[in-house]
Amino acid sequence: MEGTNPVNKKLAAALSGGAVLVLALTGCGSSDDGNDKLDSWAKQVCDAVQPQAKKIEAANAAIQRETSDNSTPEQVQKTDAKAFQDMSDAYRAMGGAVQKAGAPNVDDGEKKQQDAVKELNGLSSSYASLKTQVAGLDTKNQAKFADGLKDVATELNKLSKSGSDALKTLEEGDVGTAMAKQPSCKSATASPSAKS
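Computed from a predicted model, the values in this text were never measured in an experiment. (Residues numbered from 1 in each chain as written. Predicted model: local features only at pLDDT ≥ 70, side-chain atom pairs only at ≥ 80, totals over all residues. Heavy atoms only, no water.)

On to the nonpolar core, then. Taken as a class, soluble globular proteins show a tendency for nonpolar side chains to be buried jointly. Core analysis: the largest hydrophobic core is formed by 35 residues, its most contacted members being Trp41, Phe84, Tyr127 and Met179. Per-element tally for this core: the top contributor is helix α3 (residues 36–68), with 10 residues. Among residues more than four places away in sequence, those in contact with tryptophan 41 are Ala101, Gly102, Ala103, Pro104, Leu170, Val175 and Met179. (Core = buried A, V, L, I, M, F, W, Y, C linked by side-chain atoms within 4.5 Å. Buried < 20%, exposed > 50% of the residue type's maximum accessible area, 1.4 Å probe, protein only. Helix = DSSP H or I, 4+ residues; strand = E, 2+ residues; numbered from the N terminus. Contact = heavy atoms within 4.5 Å.)

Next comes the structure, spelled out in structure tokens:
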């Protein structure tokens, strides 16, 4: 069973890069300009995003766990497929939350909001297609399975490097400040895996 492990480690490494995307939605920075409208927008988004960030973290951890022992290709496939599905659902829910919250009360708020929604929905689709890719791998053939996982890791790497520009733009300036004040956004970034 040795064959799949090095590849699955690559997958785990690529995946931990992807986790950075979640943190883009959990603002940092602090100053206290009283913008009640923006604060309530930030609270709505942070409260909705936090459980999704946890879901992504759990999916991440499941894949990491699968790399640390001699899992069979079937186990790896099942775990990875479920993790990608969970991530896809979580990003779609985040997109829905940002859409539902409306535009933040800042310059270009509407454009920032729509760009972020589009990006989150795009991430959801990307993870859904990775799930399909993993689910279609041949677990009976060790070498083929390892090659297939390598392709998935490559896609994952691209995914973690692309994305999140619109999210960063969304949470620049006052929006980031408002989000940083929300306990739910703070706790979304406070997990050990989020710290570098």
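From this point, the narrative continues.
We now examine the packing of aromatic side chains. One pass over the full model with this rule turns up two aromatic pairs. Residues tyrosine 91 and tyrosine 127 carry aromatic rings whose centres are separated by 5.5 Å and whose planes lie at 10 degrees to one another, so their mutual orientation is stacked. Taken together, the residues span a long stretch of sequence, with tyrosine 91 in helix α4 (residues 73–101) and tyrosine 127 in helix α5 (residues 109–135) at a distance of 36 residues. Neither tyrosine 91 nor tyrosine 127 differs from the other in exposure class; each is buried. Connected via pairs of aromatic rings, a cluster forms that spans Phe84, Tyr91 and Tyr127. (Phe/Tyr/Trp six-rings, centres within 6.5 Å; stacked < 30°, edge-to-face > 60°.)

Looking at where serine 184 falls in the secondary structure, it is placed in helix α9 (residues 183–189). Side-chain polar atoms of serine 184 contact the side chain of aspartate 47, separated by 2.6 Å. Leaving out residues up to four positions away in the same chain, serine 184 has contacts with Cys46, Asp47 and Gln50. (Polar contact = N/O pair within 3.5 Å; in protein donor to acceptor, adjacent residues only side chain to side chain.)

So, about the state of the cysteines. Inspection of the entire model under this criterion finds one disulfide. Put simply, cysteine 46 and cysteine 185 are joined by a disulfide, and their sulfur atoms are 2.0 Å apart. One disulfide, between cysteine 46 and cysteine 185, carries an S-S torsion of -85 degrees and so falls in the left-handed class. One end of the pair, cysteine 46, is in helix α3; the other, cysteine 185, is in helix α9, with 139 residues separating them in the sequence. Judged on exposure class, the residue cysteine 46 and its partner cysteine 185 are both buried. (Disulfide = S-S within 2.5 Å.)

Take helix α6 (residues 142–161) next. The end-to-end C-alpha distance of α6, which contains 20 residues, comes to 29 Å, matching closely the 28 Å that a straight helix rising 1.5 Å per residue would cover. Phe145, Ala146, Gly148, Leu149, Val152, Ala153, Leu156, Leu159 and Ser160 are the residues of α6 that are buried. Looking straight down α6, one finds its buried side chains confined to an arc of 160 degrees; they lie on one side. Pointing more than 90 degrees away from the buried face of α6 are the exposed residues Ala143, Lys144, Lys158 and Lys161. Measuring from the backbone nitrogen of alanine 143 back to the side-chain oxygen at the start of α6 gives 3.1 Å, which picks out asparagine 141 as the cap. (Expected span 1.5 Å × (residues − 1). Arc of directions from axis to C-beta.)

We now examine the confidence of the model for the protein. Per-residue confidence for the protein averages 80 on the pLDDT scale, and 75% of its residues sit at or above 70. Mean pLDDT in the protein bottoms out at helix α2 (residues 20–23), which sits at 52, and peaks at α4, which reaches 94. Considering only residues more than four positions removed or in separate chains, one finds that residues 27–32, a stretch of pLDDT under 50, has 15 contacts. When the criterion is pLDDT under 50, residues 189–196 qualifies, and its contacts beyond four places in sequence or with other chains add up to seven contacts. (pLDDT = per-residue confidence, 0-100.)

All right, on to the environment of leucine 130 then. Its location among the elements puts leucine 130 in helix α5. Note: C-alpha distance between leucine 130 and valine 152 (22 residues apart in sequence) is 6.7 Å. If sequence neighbours within four positions are ignored, leucine 130 has contacts with Phe84, Val152, Glu155, Leu156 and Leu159.

The backbone phi angle of aspartate 108 is positive, close to 60 degrees, even though this residue is not glycine. Relative to the helices and strands, aspartate 108 resides in the loop between α4 and α5. Its relative accessible area of 58% is what places aspartate 108 among the exposed residues.

Next up on the list: the packing of α4 against α6. It is at 11 Å that the axes of α4 and α6 come closest, and there the two elements cross at 25 degrees. In terms of their interaxial angle, α4 and α6 are classed as roughly parallel. Taken as a pair, α4 and α6 cross one another with a handedness that is left-handed. Contacts from Pro73, Val76, Gln77, Asp80 and Phe84 of α4 reach α6 at Gln142, Phe145, Leu149, Val152 and Leu156. In terms of residue class, the contact of α4 with α6 is built from seven nonpolar, two polar and one charged. (Axes fitted to C-alpha atoms, helices over the stretch in contact; angles between N-to-C directions. Parallel < 35°, antiparallel > 145°, perpendicular 65-115°, else oblique. Left-handed = near helix turned anticlockwise from the far one by under 90°. Nonpolar A, V, L, I, M, F, W, Y, C, P; charged D, E, K, R; others polar.)

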